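The primary structure of each chain is shown beneath.
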Amino acid sequence: MSIYQDKILDHYRNPRNFGRIKNADKTAEVFNHVCGDRIDMDIVIKEGGVEEIRFEAKGCAISRASASLLTEYAKHKKIDELKKLDKAFIINLLEIDLGPNRIKCALLPLEALKKLIINGQ
Amino acid sequence: MLNVTHIRSDFPIFSDKPNLVYLDSTATSLKPRVVIEKLREYYEKYSANVFRGIYGISEKATEEYEETRQIVADFINAKSPDEVIFTRNTTESLNLLAYSLGQQIIEKNDEVVTTIEEHHSNFVPWQQLAAENGAVFKIIDITTDGNLNLGKNSSLEGIVTKKTKILTLTYISNVLGNINPIKEIARQAKKINPKIVVIVDAAQAVPHIKVDVQDLGCDFIAFSAHKMLGPTGLGVLWGRYDLLESMLPFNFGGEMIESVEADKTLFKSPPYKFEAGTPHIAGVIALKESIHYLEKLGWENVEAHEKELTNYALRKMAYELGKKVKVLGPSYPNHKGIIAFTFEPYHPHDIAQIFSDENICIRAGHHCAMPVHTRLGVNASCRMSFYIYNDKTDIDKAILALKQVEKVLG
Ligand SMILES: Cc1ncc(COP(=O)(O)O)c(C=O)c1O
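Every chain is numbered independently, its residues counted from 1 as its sequence is written. As they are written, the chains are lettered A onward and the ligands numbered 1 onward, keeping that order. Where local features are concerned, this predicted model is filtered to residues with pLDDT of at least 70; where side-chain atom pairs are given and counted, the filter is 80 or more; whole-chain, interface and lining totals use all residues. Hydrogens are left out, water is left out, and the side-chain values use all remaining heavy atoms of the structure.

Here we look at the site of the ligand
Residues and elements named next belong to chain B.
Moving on, step 1. Only a single heavy atom is needed: when it lies within 4 Å of a molecule or strand, its residue is near that molecule or strand. Thr91, Asp201, Gln204, Ser224 and Lys227 are the nearest of the 13 residues found near the ligand.
Moving on, step 2. Under the rule applied, a polar contact is a pair of N or O atoms within 3.5 Å (in protein, one hydrogen donor and one hydrogen acceptor; residues adjacent in sequence only if both atoms are side-chain atoms). A distance of 3.2 Å is found between an oxygen atom of the ligand and a side-chain nitrogen or oxygen belonging to histidine 119.
Moving on, step 3. Here glutamine 204 contributes a side-chain N or O atom positioned 2.6 Å from an oxygen atom of the ligand.
Moving on, step 4. Note on areas: these come from Shrake-Rupley sampling with a 1.4 Å probe, and a residue is covered only by the protein chains present in the view. Protein chains bury 88% of the 390 Å² of accessible surface belonging to the ligand in isolation.

Structural notes on the domain arrangement of chain B
All names here are of chain B.
Moving on, step 1. Where each domain begins and ends follows an automated or database-derived domain assignment. Domain parsing of chain B yields domain 1 (4-23 + 298-409) and domain 2 (37-294).
Moving on, step 2. Of note, the centres of domain 1 and domain 2, computed from C-alpha atoms alone, are 28 Å apart.
Moving on, step 3. Throughout, a residue-residue contact means that at least one pair of heavy atoms, one from each residue, lies within 4.5 Å. With 32 residues of domain 1 in contact, the opposing surface of domain 2 contributes 31 residues.
Moving on, step 4. Take the accessible area each of two parts loses on contact, using a 1.4 Å probe, and add the two losses: that sum is the buried area. Of the roughly 2600 Å² buried between domain 1 and domain 2 on both sides combined, carbon and sulfur atoms contribute 62%.
Moving on, step 5. Take a side-chain nitrogen of Lys or Arg and a carboxyl oxygen of Asp or Glu: if they are within 4 Å of each other, that pair is a salt bridge. Counting every contact that joins domain 1 to domain 2 gives 1 salt bridge.

What about the interface of chain A and chain B?
Moving on, step 1. With 18 residues of chain A at the contact, the number on the chain B side is 16 residues.
Moving on, step 2. Counting each side, the surface lost to burial between chain A and chain B is near 1300 Å², with a carbon and sulfur contribution of 50%.
Moving on, step 3. Broken down residue by residue, the surface that chain A buries against chain B is led by Tyr4, Tyr12 and Cys35 of chain A, which jointly contribute 35%.
Moving on, step 4. Taken together, the connections running from chain A to chain B amount to 1 salt bridge.

Let's talk about the pattern of salt bridges
Residue and element names in this part refer to chain B.
Moving on, step 1. One pass over the structure, following the stated rule, counts 37 salt bridges over all chains.
Moving on, step 2. Between glutamate 67 and lysine 288 there is a salt bridge; the shortest N-O distance is 3.2 Å. One end of the pair, glutamate 67, is in helix H4 (residues 56-75); the other, lysine 288, is in helix H10 (residues 281-297), and 221 residues separate them in sequence.
Moving on, step 3. Salt-bridge contacts for lysine 336 lead to glutamate 303; the nearest nitrogen and oxygen are separated by 3.5 Å. Taken together, the residues lysine 336 in the loop between strand E11 (325-327) and strand E12 (338-343) and glutamate 303 in helix H11 (residues 299-321) connect sequence positions 33 residues apart.
Moving on, step 4. Take glutamate 303: its relative accessible area is 29%, and that puts it in the partly exposed class.
Moving on, step 5. Each of the salt bridges in this network shares a partner with another, and the network as a whole consists of Lys38, Glu41, Lys60, Glu64, Glu67 and Lys288. Each helix is a run of DSSP H or I of at least 4 residues and each strand a run of E of at least 2, with the numbering of both proceeding from the N terminus. The classification of residues rests on relative accessible area computed with a 1.4 Å probe and restricted to protein chains. Under 20% of the type maximum is buried, over 50% is exposed, and intermediate values are partly exposed.

Some words on the sheet that holds E12 of chain B
All names here are of chain B.
Moving on, step 1. We call two strands paired when DSSP finds no fewer than two bridges between them. A sheet is described by the order of its strands in space; here 4 strands give the open sequence E11-E12-E15-E14, paired in antiparallel fashion. This sheet does not close on itself; its edge strands, each paired only once, are E11 and strand E14 (363-365). Taking each pair of neighbouring strands and ignoring which way they run, the sheet shows an average axis angle of 30°.
Moving on, step 2. Pairing analysis gives 4 bridges linking E12 to strand E15 (residues 381-385), with the strands arranged antiparallel. Residue pairing across strands places alanine 340 opposite arginine 383, the latter belonging to E15.
Moving on, step 3. Axis definition: a line fitted to C-alpha atoms, over the contacting stretch in the case of helices. Angles run 0 to 180 degrees between N-to-C directions. Contacts from helix H12 (residues 348-357) reach E12, E14 and E15 within the one sheet, and its direction differs from that of E14 by about 160°.
Moving on, step 4. Where helix H14 (residues 392-409) meets the sheet, it contacts E11, E12 and E15, and its direction lies at approximately 15° from that of E12.

Some words on the packing of helix H2 (residues 61-74) of chain A against helix H4 (residues 87-94) of chain A
Geometry of a packed helix pair, given as the angle between the helix axes and the separation of the axes.
All names here are of chain A.
Moving on, step 1. One way to put it is that H2 packs onto H4 with a least axis distance of 10 Å and a crossing angle of 100°. Comparing their axes, H4 and H2 come out roughly perpendicular. Residues Ile62, Ser66, Leu69, Leu70 and Tyr73 of H2 form the contact with H4, whose own contacting residues are Phe89, Ile90, Leu93 and Leu94.
Moving on, step 2. Classification used: nonpolar for Ala, Val, Leu, Ile, Met, Phe, Trp, Tyr, Cys and Pro, charged for Asp, Glu, Lys and Arg, polar for all others including Gly. Of the residues in the contact of H2 with H4, the class split is 8 nonpolar, 1 polar and no charged. Any angle from 65 to 115 degrees is called roughly perpendicular, while one under 35 is roughly parallel, one over 145 is roughly antiparallel, and all others are oblique.

Considerations on the packing of helix H1 (residues 6-13) of chain A against H14 of chain B
Moving on, step 1. Where H1 of chain A contacts H14 of chain B, the axes come no closer than 10 Å and their chain directions differ by 80°. When the axes of H1 of chain A and H14 of chain B are compared, the pair comes out roughly perpendicular. Between H1 of chain A and H14 of chain B, the residues in contact are Leu9, Tyr12 and Arg13 of chain A and Lys407, Val408 and Leu409 of chain B, respectively.
Moving on, step 2. Looking at side-chain class alone, the contact of H1 of chain A with H14 of chain B contains 4 nonpolar, no polar and 2 charged residues.

Details of unusual backbone geometry
Moving on, step 1. Put simply, proline 270 of chain B and proline 271 of chain B share a cis peptide bond, and its omega is 5°.
Moving on, step 2. Considering the arrangement of structural elements, one finds proline 271 of chain B in the loop between strand E10 (265-267) and H10.
Moving on, step 3. Of note, the amide linkage connecting glutamate 344 of chain B to proline 345 of chain B takes the cis form, showing an omega dihedral of 5°.
Moving on, step 4. Mapped onto the elements, proline 345 of chain B comes out in the loop between E12 and H12.
Moving on, step 5. A positive phi angle, close to 60°, is found at asparagine 17 of chain A, a residue other than glycine.
Moving on, step 6. Although it is not a glycine, glutamate 255 of chain B adopts a positive phi angle of roughly 70°.

Notes on the sheet that holds strand E2 (residues 37-46) of chain A
Residue and element names in this part refer to chain A.
Moving on, step 1. The sheet built from 3 strands is open, its strands ordered E1-E2-E3 with antiparallel pairing. Strand pairing shows two members of the sheet lacking a second neighbour, strand E1 (26-32) and strand E3 (49-58), which therefore form its edges. When strand polarity is set aside, the average angle formed by the axes of neighbouring strands in this sheet is 20°.
Moving on, step 2. Sheet topology places E2 next to E3; 9 bridges connect them, and they run antiparallel. Bridged to isoleucine 39 within E3 is alanine 57.
Moving on, step 3. In the packing of H2 onto the sheet, contacts are made with E2 and E3, and the angle to E3 comes to roughly 170°.
Moving on, step 4. Sheet strands in contact with helix H5 (residues 103-117) are E1, E2 and E3, and its direction is about 155° off that of E1.

A look at helix H7 (residues 182-192) of chain B
Residue and element names in this part refer to chain B.
Moving on, step 1. Within H7, the full set of buried residues consists of Ile182, Ile185, Ala186, Gln188, Ala189 and Ile192. All buried residues of H7 lie within an arc of 165° about the axis, which places them on one face of the element.
Moving on, step 2. Taken together, the buried residues of H7 touch strand E5 (164-170), strand E6 (197-201) and helix H8 (213-216). Directions are taken from the helix axis to each C-beta atom, and the arc is the one they span.

Some remarks on the side chain of glutamate 306 of chain B
Residue and element names in this part refer to chain B.
Moving on, step 1. Summarising the element assignment, glutamate 306 is placed in helix H11.
Moving on, step 2. In terms of polar contacts, glutamate 306 uses its side chain to reach the side chain of histidine 208, at 2.9 Å.
Moving on, step 3. Residue contacts for glutamate 306: discarding those within four places in its chain leaves His208, Phe386 and Tyr387.

Structure representation (structure tokens):
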């Protein structure tokens, strides 16, 4: 099965929450140097929950679709809940099977989110 | 052109995967049956250690092992098999040099010169060596047409100086596909500094062109068996004997010593001085079969075949996809069978993935050559490369796959 399923392609072509937030509470940038991917993610937190979250991505379809899906999920969720998200969650969210090399692309947005919500990261 | 149908029947992987389109021989080559059978022969018939046993199968293993050393020496026209050292791969051969030679001769303010188009394995060891010893690390740039910028009339003037103790460079770039005029470079470098040591990363050359170390006039070359139809885990370092003799050992241990006493050890002479521990015996023994295989095909035929495929691919990509596909490196004719390209706005990983869905193997990323990608202002590229088992239909399929990329992601 190709990993370019309709859901992935939809979020690749029309990423949700794309762009930056001017007065963000926190900003994170993450890189995958192996393939030159880069994601910038901004967040506004209110009362322990995500008020607003946006990203900009330079990279492959998987990292971009993953960022779109993840930010869509994270919006209005409690921070404590988001702290628990892991690799299995992302795979389930994307609904595709990725080999050991491509999984890194899919996990890059999660790395950015963790930087935004875990203190000291 | 080579008879590809016939050649493919010599490679068991094509019986297992008849539809495989393998365009990543620059990373590693496929293996013919004769090589696999030779590995098996060792394990089944005389799987003893070398140099140690005074019994039949150990002697047989040792004979087979040393026979390959002679065959490798003849293959690259070394003066003697004692100049041929077996290592794990090109990377280890080059690290051995940076340590055993570099640490000994490089001092403060000396210069170590390499190029921007090196694989990391011929870049980082020298960068680190220079940093540790306070030496100057100089990098030869490329010209806009993707060849090395060797200065006025390729004289190396202003690049190599009397202070340059080591010049190390690749014969064929694994990204740009350009072939460097090693013979001329070595000659010019030695004119400027007769004592300079010239090292050649021949990982992409030995599998594809006739390499004659005496004719090249360099001091060392490094290459990997796995890129030339041979086993993985085996590399070669060839060096001029007088230099090898003067170098420090790389690893200490078994096989490399003459005698050990409580307070001192006497080392063997090269090549054994550099082959500590039990080597990749099966691999060495099987390597002779890859060399026989290549020699039977004939260098002229191999080169002509790859040239025809490369030119066909470059022409056809330009015709079918126009300016959307940008090929890195020089244009015809100084382009060996390695084509790295970008296809904006699609990411190389997505392109390689869609190729993979069509059973086509290409490489995506920076191919262990970040400096040249940075120099060209691209994060990553795709790369297809050709070898003796590829034909024009493989290229046609690759071009269809590029169109598929547009269809899926466009
Ligand atoms: C030009 C060049 N040098 C060095 C290497 C490293 O070879 P190995 O991984 O076998 O050590 C490669 C392989 O990718 C290469 O293409």
